[in-house]
Amino acid sequence: MPSSQPQAWKADGKFLQLNGEHSWMRGITYGPFYSGRASHGLPSPDQFMRDLDQICELGANTLRLTRSPTQDFLAACDQRGLQTLIGLNWEDFIDFFHDPALPKRILRSTRRVVSEFHESPSVSGYFIGNEVNAQLVRWLGRDRVKEFLEAMIDAGRSCHPGALFAYASYPTTEYLMPDNADFVAYNVYLEHRKDFARYLRRLQLLAGNRPLVISEFGLSTRQNSNEHQRKVLDWACEEMALQGVAGTILFTFTDEWFTGGRDLSEWKFGLVDKQRQPKPAYFAVQDHFRKGAAPLSFLTRIPKISVIVCTYNGVRTLDDCLRWIARVDYPDFEVLVVDDGSTENVRAIVEKHTRVRYIKQKHAGLSAARNLGAKKANGEILAYTDDDCMPDRDWLAHLALAFQRDPEVAAVGGPNLPPPPENVTQACVIAAPGAPTQVMLNDNDAEHIPGCNLSVLRSEFEAIKGFEERYDVAGDDVDFCWRLQIRGKRIGFAAAAFVWHYRRFSAKAYFRQQVGYGRAEAMLMKQHSKRFSLLSGGARWFGTIYQPDALSTTDGPSRLYQGVFGNALFQSIYPEAVTCFTALVSGFPWTLLSLVCLIAGVISPSLGLVGLGMLAITAWEAWRRTRCRRIDPRFSSKKARTLLWLMTLIQPIVRGATRSLHSAKLVAVPRGPIFGGTLPGFPRIAFWKKVGQVAVWNAEGKNRDELLAKIIKELELHSWKHQIDDGWQDWDIEVLRNLWWKVRITTVTEYHTGKNRLTRIRLASHMTRANAIISALLLAGIIGTSWYMKWQAMWIFGFGIYFLWWLLLEVKHQAFVSRTIRLILTVGEANGFDPTREEKDPMPDRPA
């Protein structure tokens, strides 16, 4: 009989819930198998019944399926309390934009498949894709691929609103994360624990506010012994639990695996062999799955922790805060509420909660309240949070575990996540800049942790004499972290130790908060003058400001390292430092100067135009930053985007004006870098236009790398000047045949069944710098001469000459492109690449 209470996975901050309870996704991949059952990839019913029983014995609660299952299979999963995540199969191994009709067919197929399973109680979610080839992403454009994956998620969610949707990425395309996915999933295969642990910390930061699921991890016993597989899976499961990974899906249940039209006998990743005999790894995984991932179980000792909540008239959220703290699963902690002279009845709220000590002081500010809490506390570790925060159940355990795993850290913090917004204004406040967030020096160490989720060893707290009490509203946590680091101490970061943190409920409250931050920055400038830039007045950070609500890791430009020809195994996005241009045109001094010029326009119209131009630049920069941020899809609209733009425009001005005013009062002078950012490079204005595309076929397994090697050899043989991708480009070879034009060659190989390979070659051209300069000088000369001679016929004659010049250039351009294509095809034919054949029909099965 089907289970009376159907379960379903739901996202819950950095973790997942199953049937309404905080739970660890313990998963295993299953299939595909060869059985002739109409592409479902399942074995016979008798066999999958036995397999499901064995999977239940393993302790798994989730199956990841690579094919759409049958209803009788899902019913069997439901009977056993197993949840399923179904993989959608589509043509993600070919250029799926080459045929304009193909994307529409894929979206229709997505809706059809999801609609088929939306009433199945054992279906919790869907993987809309798996490891789109990195070279294919490079060929298609990462933004374009990401947007299409998001469109697939939207299409699926419209048919099954309550399900989870995700895309399974991998290290070679770690940057490919759909913004609307419910959790972040990565397939990771690393055989050394230190490498795996280090990469998990990176993935937790990339996941931001969403749960991290390792959607595949495994080790083959064909190349390794059974014992080595057991050891690797043993420490992998332990490391994922230690780092608070929300879900673990191991690859795979059995060595029997059929894909790409053949039985892959050379891959033996199964926990059981083809005859379903368990390997030693099966029992190691079983121990971890049955034990669970509770961080408390990994603590060798339980240090006493004092949770300190400081409040000033925070009655609106304090009750929720204390209720959530009471649910924290940690055996030895105390709770202190320090009332900073509130005029509201805070005591009445505190007295409703047991095990909470109430301490009141005259209104002296946040830092004084935090110091008083530390003085009255008895814990070895002081854990600070705010009255508008709601800690996760395992918050303290993960903090204690971080101190245990790295005894050299003086303090540890975690992320603070905004609860889902209830209206458009709240959604925009969450997405707006200026929210409290961590600044990371690397994947392990933080430069700054917000005080709403900051824990510190008592000994280290006392060594720097606590918080500076001059910071009565904000800024105390920044000063505290900087002073710790001045003493040579490190600050750790525990991604799983999160708290829910209400953002401001209205735009007015948001700007009031920014005024407080501006005032705090002026005080920080007085004490840490070298950390502030002279021109913009803003703080100078050495690390990366993580903004999980932005579309990318950082709100700003970034570069992607892909390796030569896009072949790097680990392809990472490196954020570029904020340029002084951004800091300058967004700040208060620029805006003030703009207004002065605008007012002076009454006397001098040219100054007025300058002022208007400066304000237009500020507005444009704010719009550019707005486009880098994500609004909750439920409230995303033109109205919301406009409101967010206004917040992004006004926020640095309000904060900067307040900072400048109080800096003048305090006589605080910044002594840091002049600009507070990197100088912007010379803008590259280059309009590359696609001028040709060809495809070549090979049935012997030859791919683009072999073709490129032959092309380079041929270019050298004919002494054609060329440049090879240095790993940072989105092209393979740049050819400079003459003084006037250069052509970039980009390639991608589609892997079809067997050894069939289809390699596409795209050419894009652009004029050389010499061409651009000569053409510009010629045009300027024609205009200048015609203007000077004041002869109308000269204009016609001059532009006629310019037209003939461009015609001559275009002839040379077409000849150059034709010769380049001819060279490529000649090289291809000589090396077994047939330019006459192209596989146009989607393959029936994904290649291995």
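Further up the page is the structure itself.
An account of the accompanying structure is given in this report.

Definitions and limits used
Residues numbered from 1 in each chain as written. Predicted model: local features only at pLDDT ≥ 70, side-chain atom pairs only at ≥ 80, totals over all residues. Heavy atoms only, no water. Pairing = 2+ DSSP bridges. Helix = DSSP H or I, 4+ residues; strand = E, 2+ residues; numbered from the N terminus. Axes fitted to C-alpha atoms, helices over the stretch in contact; angles between N-to-C directions. Buried < 20%, exposed > 50% of the residue type's maximum accessible area, 1.4 Å probe, protein only. Core = buried A, V, L, I, M, F, W, Y, C linked by side-chain atoms within 4.5 Å. Contact = heavy atoms within 4.5 Å. Parallel < 35°, antiparallel > 145°, perpendicular 65-115°, else oblique. Left-handed = near helix turned anticlockwise from the far one by under 90°. Nonpolar A, V, L, I, M, F, W, Y, C, P; charged D, E, K, R; others polar. Salt bridge = Lys/Arg side-chain N within 4 Å of Asp/Glu carboxyl O.

1. Description of the sheet that holds strand 3 (residues 21-23)
Sheet strands associate in pairs through backbone hydrogen bonding, adopting either a parallel or an antiparallel arrangement.
No. 1: Taken in spatial order, the three strands make up an open sheet running 1-2-3, and their pairing is antiparallel. Strand pairing shows two members of the sheet lacking a second neighbour, strand 1 (9-12) and strand 3, which therefore form its edges. Ignoring strand direction, the axes of neighbouring strands in this sheet form an average angle of 45°.
No. 2: Sheet topology note: the strand 2 (residues 15-18)/strand 3 ladder contains three bridges and is antiparallel. Among the inter-strand pairings, Leu18 is bridged to a residue of strand 3, identified as Glu21.

2. A look at helix 15 (residues 476-486)
No. 1: Of all eleven residues in helix 15, nine are buried, a share of seventy percent or more.
No. 2: Phi for Gly488, located one or two positions after helix 15, is positive at around 85°.

3. Looking at the nonpolar core
No. 1: Counting residues in hydrophobic clusters, the biggest one holds 122 residues, and the most contacted among them are Tyr30, Leu63, Phe96 and Leu396.
No. 2: Those residues within four positions of Leu63 in sequence are excluded, and the remaining contacts are Ile28, Tyr30, Leu52, Ile55, Phe73, Cys77, Leu82, Gln83, Thr84 and Leu85.
No. 3: Counting 29 residues, the second largest nonpolar core, distinct from the first, contains Ile359, Ala369, Leu372 and Phe480.

4. Things to note about the sheet that holds strand 9 (residues 184-187)
No. 1: With parallel pairing, eight strands are arranged side by side around a closed barrel as 4-5-6-7-8-9-10-11. Across this sheet, the average inter-strand angle for adjacent strands is 25°, counted without regard to direction.
No. 2: As judged from the four bridges shared by strand 5 (residues 62-65) and strand 6 (residues 83-87), these two strands associate in the parallel manner. Bridge pairing in strand 6 links Thr62 to Gln83.
No. 3: Where helix 1 (residues 45-58) meets the sheet, it contacts strand 4 (25-30) and strand 5, and its direction lies at approximately 150° from that of strand 4.

5. As for helix 11 (residues 366-376)
Note that an α-helix has 3.6 residues per turn; residues three or four places apart therefore point the same way.
No. 1: Counting buried positions along helix 11 gives eight out of eleven residues, so the element sits mostly inside the fold.
No. 2: Lining the buried residues of helix 11 we find strand 14 (305-311), strand 15 (333-340), strand 16 (356-361), strand 17 (381-386), helix 14 (458-463) and helix 15.

6. Brief notes about the packing of helix 7 (residues 226-242) against helix 8 (residues 280-291)
No. 1: Running from amino to carboxyl end, helix 7 crosses helix 8 at an angle of 15°, the nearest separation of the two axes being 8 Å. Put simply, helix 7 runs roughly parallel to helix 8. Here the hand of the crossing between helix 7 and helix 8 comes out right-handed. In contact with Asn226, Gln229, Arg230, Leu233, Asp234, Cys237 and Glu238 of helix 7, helix 8 contributes Pro280, Ala281, Ala284, Val285 and His288.
No. 2: Each residue belonging to the contact of helix 7 with helix 8 can be placed in one class, and the counts come to six nonpolar, three polar and three charged.

7. Comments concerning the packing of helix 19 (residues 605-627) against helix 20 (residues 638-666)
Each packed pair of helices is defined by two parameters, the angle between the axes and the distance between the axes.
No. 1: Relative to each other, helix 19 and helix 20 sit at 120°, their axes nearing to 9 Å. With respect to helix 20, the axis of helix 19 lies oblique. For the pair helix 19 and helix 20, the crossing hand works out as right-handed. For the pair helix 19 and helix 20, the contacting residues are Thr618, Ala619, Ala622, Trp623, Arg625, Thr626 and Arg627 in the first and Arg641, Leu644, Trp645, Thr648, Leu649 and Pro652 in the second.
No. 2: Here the contact of helix 19 with helix 20 is composed, by residue class, of seven nonpolar, three polar and three charged.

8. Description of the environment of Ala185
No. 1: As for its position among the elements, Ala185 is in strand 9.
No. 2: Of the residues examined, Ala185 reaches a relative accessible area of 2% and is grouped as buried.
No. 3: In contact with Ala185, other than residues within four places in its own chain, are Phe127, Tyr167, Ala168, Ser169, Val213 and Ser215.

9. A word on the pattern of salt bridges
No. 1: Using the criterion set out here, one finds 48 salt bridges in the structure.
No. 2: Note that Arg276 is salt-bridged to Asp51, the shortest N-O span being 2.9 Å. Remark: Asp51 occurs in helix 1 and Arg276 occurs in the loop between strand 13 (262-263) and helix 8; sequence separation between them is 225 residues.
No. 3: Using a relative accessible area of 10% as the deciding quantity, one classes Arg276 as buried.
No. 4: Judged by its relative accessible area of 0%, Asp51 is buried.
No. 5: For Lys304, the salt bridge identified is with Asp332, shortest N-O distance 3.3 Å. With a gap of 28 residues between them, Lys304 in the loop between helix 8 and strand 14 and Asp332 in the loop between helix 9 (315-326) and strand 15 connect regions that are remote in the sequence.
No. 6: In this structure Lys304 comes out as partly exposed when scored by relative accessible area, which is 27%.

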